[in-house]
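Chain residues, written in single-letter form:
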Amino acid sequence: MPPVFAHGRLRLYLLKLLDEAPRHGYEVIRLLEERFQGLYAPSAGTVYPRLAKLEAEGLVTYATEGGRKVYSITEAGRAELADRGGELADLELEIRDSVTELAAEIRNDVRGAAGDLRRELREAASASATQVEDESWKAAKEELRKARQEWKEQARRAKDESRRAREEAQQARRQAKEAQERAREEVQRIAVQLQEQFAKSGGVLGSLAGAWLGGGATPAAPAGPAAPAADVDADADAHVGWAEDLVTGGDPARDLDRLLDRFRDEVRDAARDHGVSAAQVAEARVGLAAAVARLRATLRAG
């Protein structure tokens, strides 16, 4: 391989790299490798002695940073670089030519090595073929037959496993679909029962809300004797229209949740707006217990 740099050219290129920026020796080596696209990298024994000589000539100087010498070009070095500007332009062309030549040589070397390897492999195969006895060849053929049989068996097992997996997946999907159908039928049955119970209850939720909210009036007085059943029924009938603004949907359980939310919100609003006493809380507990018992009986009747 011809030399990459002609005599004195590496010295000039080192000055050029240091003129671009201060650098330590390892960085200079790495930059040279990059300029040659990885095809050439000067050794430390090539770069560091030349940097020391440039320093001795006063063309570069250095400062120690982190235990490394960082070299910088001096004014004298820049002057020499300016005087040799024409040589520097030629040097760039030489570097490009060197990269091309190095790449061509490497390709030729690789091609020749590959050819030699193929030739050696053919020769080795030919020599081995002539030396193998008939019994060994038969044994090799038998091993190959067994291997092929094993591959076929593995393929068959894999196919069977795949088929079983598909069947199990189909069965799981059928079971899931059947479970969904059963759940849907159960929900519909419960919904029908709830609708029938709401129709039979005579507006029990409305009577409960009306009895305690009184259409937004001040909470009832402290607890006294229980009102006659006829009075309670009359008061409930007066509030059957409570919460009619809530739009009912196709899910009675959801409708019941919305009615209970409305009941809770209105009771809280009445307590916040008008205040609540301990006696009123006690009376509310008695009334709520009666309402819960009545609702529970209504829902259980279904």
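None of the values given here were measured: they were computed from a predicted structure.

(A) Quick look at the overall build of the protein chain. For the protein chain, the count of helices and strands is 10 helices and 3 strands. Each helix (α) and strand (β) of the protein chain, taken in turn from the N terminus, gives the series α-β-α-α-β-β-α-α-α-α-α-α-α. Here the protein chain, with 302 residues, has 24% of them falling under the buried criterion. Taking contacts inside the protein chain between residues at least 6 apart in sequence as the whole, the part at least 24 apart equals 67%. Carbon and sulfur atoms make up 54% of the accessible area of the protein chain, which amounts to about 20700 Å² in all.

(B) Region of interest: helix H2 (residues 25–35). Regarding H2, the residues found buried are Gly-25, Glu-27, Val-28, Ile-29, Leu-31 and Leu-32. Buried residues in H2 make contact with helix H1 (9–20), strand S1 (23–24), helix H3 (44–56) and strand S3 (68–73). Just downstream of H2 lies Gln-37, where phi reads positive at about 55°.

(C) Spatial organisation of the sheet that holds S3. Overall, antiparallel pairing links the 3 strands, which are arranged S1-S3-S2 in an open sheet. Both outer strands of the open sheet, S1 and strand S2 (60–65), are each paired with one neighbouring strand and no more. Looking at chain direction, S1 and S3 are connected through 2 bridges and run antiparallel. Its bridge partner being in S3, His-24 is matched across the sheet by Val-70. Helix-sheet contacts for H1 involve S1, S2 and S3, and the interaxial angle to S3 is about 95°.

(D) Quick look at the nonpolar core. Residues Leu-14, Leu-15, Leu-18, Val-28, Leu-32 and Val-47 are the most contacted members of the largest nonpolar core, which totals 24 residues. Listing elements by their share of this core, those giving two or more residues are H1, H2, H3, S3 and helix H5 (85–131). Residue contributions to this core peak at 7 residues, all from H1. Residue contacts for Val-28: discarding those within four places in its chain leaves Leu-14, Leu-17, Leu-18, Arg-23 and Val-47.

(E) Quick peek at the pattern of salt bridges. For the coordinates displayed, the defined rule picks out 24 salt bridges. The closest approach of N and O atoms between Arg-262 and Glu-266, which form a salt bridge, is 3.7 Å. Of this pair, Arg-262 and Glu-266 both sit in helix H9 (residues 252–274), separated by 4 residues, roughly a single helical turn. Under the relative-accessibility criterion, Glu-266 is labelled partly exposed at 23%. With a shortest N-O distance of 3.7 Å, Asp-273 and Arg-272 are connected by a salt bridge. What emerges from the salt-bridge pattern is a single network uniting Glu-150, Glu-153, Arg-156, Arg-157, Asp-160, Arg-163 and Glu-167.

(F) Inspection of the pairing of S3 at higher detail. Across 6 bridges, the pairing between S2 and S3 is antiparallel. Among the inter-strand pairings, Thr-61 is bridged to a residue of S3, identified as Ser-72. Taking the residues that link successive antiparallel strands as the turn, the S2-S3 hairpin has 2 residues, and the phi of Gly-66 there is positive, at about 60°.

(G) Representation of helix H4 (residues 75–83) within the structure. Of the residues making up H4, those classed as buried are Gly-77, Glu-80 and Leu-81. Viewed along the axis of H4, the buried residues span an arc of 100°, placing them on a single side of the element. Across from the buried face of H4, at angles greater than 90 degrees, the exposed residues are Glu-75, Ala-82 and Asp-83.

Reading the values: rules and limits
Residues numbered from 1 in each chain as written. Predicted model: local features only at pLDDT ≥ 70, side-chain atom pairs only at ≥ 80, totals over all residues. Heavy atoms only, no water. Helix = DSSP H or I, 4+ residues; strand = E, 2+ residues; numbered from the N terminus. Buried < 20%, exposed > 50% of the residue type's maximum accessible area, 1.4 Å probe, protein only. Contact = heavy atoms within 4.5 Å. Areas by Shrake-Rupley, 256 points an atom, 1.4 Å probe, with all protein chains shown as cover. Pairing = 2+ DSSP bridges. Axes fitted to C-alpha atoms, helices over the stretch in contact; angles between N-to-C directions. Core = buried A, V, L, I, M, F, W, Y, C linked by side-chain atoms within 4.5 Å. Salt bridge = Lys/Arg side-chain N within 4 Å of Asp/Glu carboxyl O. Arc of directions from axis to C-beta.

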